Amino acid sequence: MILNSILFLGGIGLFFGLGLAFIGKKLAVKRDPTEEKILQILPGSNCGACGFAGCAGYAAECLGENADIGKCALGGEKVVRQISDVLGREAKIKEDSVAVVFCQGKEGVSKNRFTYQGITDCSAANLISEGNKECEWACLGFGTCMEVCPFGAIRMDEGIPLIDEEKCRGCGICIAACPRGLITLISKRHRVYVLCRSKEKGKKVREMCKKGCIGCGLCVKVCPMEAIQLKDNLAVIDYDKCNNCGKCVEKCPTKSIVLNKSSLSVQFLS
Amino acid sequence: MKKFTFKAGVHLPSYKKLTVGEEIKETSIPQQVVILLSQHIGSPAQSIVSKGEKVKVGQKIGEAQGNISVSVHSSISGEVIDICPQLHPVSGKKVLSVIIKSDGQDEWIEKGKEHKDYFRLSSKEICNIIKEAGIVGLGGAAFPTHVKLSPPKDVDIVILNGVECEPYLSGDEQLMIKYPVEIIEGLKIIMQTVKASWGIVGIEDNKPRAIELMKKEIAKQPNISLKILKEKYPQGGEKQLIKALLNREVPSGGLPMDVGVLVDNVGTSFAIREAVIRGLPLVSRVVTVSGWGVFYPKNLRVRIGSSISFLIEECGGFSFVPGKVIMGGPMMGITQYNLEVPVVKGTSGILVFGQKEVKKENIRDCIRCSKCIDVCPMGLVPCMIALYAENQDWEKAKGYNLLDCIECGACVYVCPAKRPIVQYVKWAKEKLKC
């Protein structure tokens, strides 16, 4: 009795197994072995920073002619080199860069215009009378950039995002998420930042924020490399000339220029 | 008499008793007005005055640009002291404006041509007069009226909207009490312009005095009727009004003219009459200043461009520490943070609430109780739209007919989880635009 059952079920199993094996061979999707190789090289985290649907999507994209093979932010230089070896194509190696938030307007530093109640998302809050901050270049601090970061490199502290340079891969997803465009990718070589975007005149900036650039021009005078210029009441550093000496940082009366000494985030230090 | 209404909606406490007996009073002349060049939907007007120029009341200071645009006029006499960007109370953005300092004379410019015999004018001529007079929909949307009055489709019925369903506001009611003859004349001009055969005036049953006076006037007209509606919000929405009065349904994404109807506010009708028959441009409008936070709530005839703080001064100032100031009604109005913003053509009310009246509610998760579905006057599923918008799935939200939402706020009013559904809708609409 029991033998019958075993034979019967075993038979069915064998039949379907063979059937599946046959169909699997017959209808197999042919995959390019190079694509397979590239997929193995890629980190496989499917972060989407390259702009394609996961690592497989980007691997398929890499096969095309004129495709940019240097887009994997997570893998960095190593992965790009490996891909270029596989494809036998030269790849432009991007400099390691890190996202920097150009505002220091914590709670208590930058003034609020009104109390905001509603959706805790920067782009939604920005639609209501153009945001609750007095300064139109101030960080709204609802943490939309933190939510979109695939690497968990951003955390919010008193209404300002802190970026962990160790974790940040420079993918740039947060740049698109910020409704005020306050985030920029800057090469890790450059350590001095003017953390303000306000184009208002100094007096107005003083009224709105304790740590805004007031366009006083002291940094322009003190810079030995003549790397700083004033544009629309805002100090702008020319990174081709800057040598990270940090003299402007000492001179800045509002502490809106910051020197990032270690690999830790700028704001961790200040 | 049969009372009409529509399905769904909410019954709100009306709070109209604060200003119900208050006749429309003229304000004193403001020291300074800020006249925005973009007070309407469409392209902004172009300034035609320069700094230092003397202007008089009713002088055109902004020329309409293109078809969907209207002219803008000075509301006081005086000197142009600046032309610079100023805060728009509704959009919250800065728009180019003309700032005029009063000389205290209140001198009118030579009035436009009077057309007592308006029935001799063609539709095109009337539309031109209306465009030049700067008339927009005074119910709140501020859509240029001349565009509305030249519909590409046939319109057989004109509805005059005297519903005023928002709580607190009673400006339209007072306008109907004070100027019933003029409003009906305005309606006749509209009907002539769009060649409609029938006119209906719709009034909610909480305005007995207005109904009585309008009824007397309407009885003299052969092709105009008065219809009374039950008090319910948002009955003043044009789609709801058409459904309630005529049982016609405006198709999704369509306009009232698709069902042969045109809806205009009573205030607009009055402004049209003043423009066509007396040749006066739109330089003032009726604004209800109300709420418990203001000393003497009043209905005021306000010069366009007066600041909110000036109106509150006219009403005796704040009665206690203000917590919230809203421009418009309490349901659809926009909260203001700066009291120097000017009154625009679409401002129907200024509401002031004390600090104790303003509650801060915590937003909680949707529990799918479906109360919002019961009250949605457009028959949408607000909770699902809000959930998809919360998860930033804009296309799915659009699939729930997001674009049909009239943002009336009935769903937010009933939501037990205090979810800002209208904000989600506005956010999603903005995201779908780009």
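Residues numbered from 1 in each chain as written. Chains lettered and ligands numbered in written order. Predicted model: local features only at pLDDT ≥ 70, side-chain atom pairs only at ≥ 80, totals over all residues. Heavy atoms only, no water.

1. Regarding the sheet that holds strand 17 (residues 334–336) of chain B
All names here are of chain B. Here 6 strands make up an open sheet; going across it, the order is 2-15-14-18-16-17 and the pairing mixed. Single-partner strands in this sheet number two, and they are strand 2 (24–26) and strand 17. Neighbour-to-neighbour, the strand axes of the sheet open up by a mean angle of 30°, direction not taken into account. (Pairing = 2+ DSSP bridges. Helix = DSSP H or I, 4+ residues; strand = E, 2+ residues; numbered from the N terminus. Axes fitted to C-alpha atoms, helices over the stretch in contact; angles between N-to-C directions.)

2. Here's the deal with unusual backbone geometry
A cis geometry characterises the amide bond from Tyr233(B) onward to Pro234(B), with omega recorded as -5°. With respect to the element layout, Pro234(B) can be found in the loop between strand 12 (224–229) and helix 6 (238–246). Backbone geometry places Asn233(A), a non-glycine residue, at a positive phi of 60°. Locating Asn233(A) in the fold gives a position in the loop between strand 6 (228–231) and strand 7 (234–237).

3. Describing the interface of chain B and chain A
Quite often, the size of an interface is put as the accessible area lost when its parts meet. On the chain A side, the residues contacting the 15 residues of chain B number 13 residues. Considering only the surface of chain B that becomes buried against chain A, Tyr337(B), Gln423(B) and Trp427(B) emerge as the three largest contributors, covering 47% of it. Where chain B meets chain A, there are 5 residue pairs in polar contact (both at pLDDT 80 or more). Classifying every residue of the side of chain B that touches chain A by side-chain character gives 5 nonpolar, 3 polar and 7 charged. (Contact = heavy atoms within 4.5 Å. Buried area = accessible area lost by both parts, 1.4 Å probe. Polar contact = N/O pair within 3.5 Å; in protein donor to acceptor, adjacent residues only side chain to side chain. Nonpolar A, V, L, I, M, F, W, Y, C, P; charged D, E, K, R; others polar.)

4. With respect to the domain arrangement of chain B
Residues and elements named next belong to chain B. Along its sequence, chain B is carved into domain 1 (113–278) and domain 2 (371–433). Distance from the C-alpha centre of domain 1 to the C-alpha centre of domain 2: 29 Å. Contact with domain 1, which involves 6 residues of that partner, is made by 6 residues of domain 2. Where domain 1 abuts domain 2, roughly 500 Å² becomes buried across the two surfaces, and 56% of that area is made up of carbon and sulfur atoms. (Domains from an automatic or database assignment.)

5. A word on the pairing of strand 15 (residues 298–303) of chain B
Residues and elements named next belong to chain B. Across the 6 residues that make up strand 15, a large majority, 6, are buried. By the alternation rule, side chains of strand 15 split into Lys298, Leu300 and Val302 and Asn299, Arg301 and Arg303, which are all buried. Direction of pairing for strand 2 relative to strand 15: parallel, over a ladder of 3 bridges. Within the sheet, the bridge partner assigned to Glu26 lies in strand 15 and is Arg301. Pairing analysis gives 6 bridges linking strand 14 (residues 284–290) to strand 15, with the strands arranged antiparallel. Across the sheet, residue Arg285 finds its bridge partner in strand 15, namely Val302. (Buried < 20%, exposed > 50% of the residue type's maximum accessible area, 1.4 Å probe, protein only.)

6. Quick look at the sheet that holds strand 13 (residues 261–265) of chain B
Residues and elements named next belong to chain B. Read across the sheet, 5 strands follow the order 1-12-11-10-13 without closing on themselves; strand pairing throughout is parallel. At either end of the open sheet lies a strand with only one pairing partner, and these are strand 1 (3–4) and strand 13. Examined bridge by bridge, strand 11 (residues 198–204) and strand 12 share 6 bridges and lie parallel to one another. For Gly199, the partnering residue across the bridge sits in strand 12 and is Ile224.

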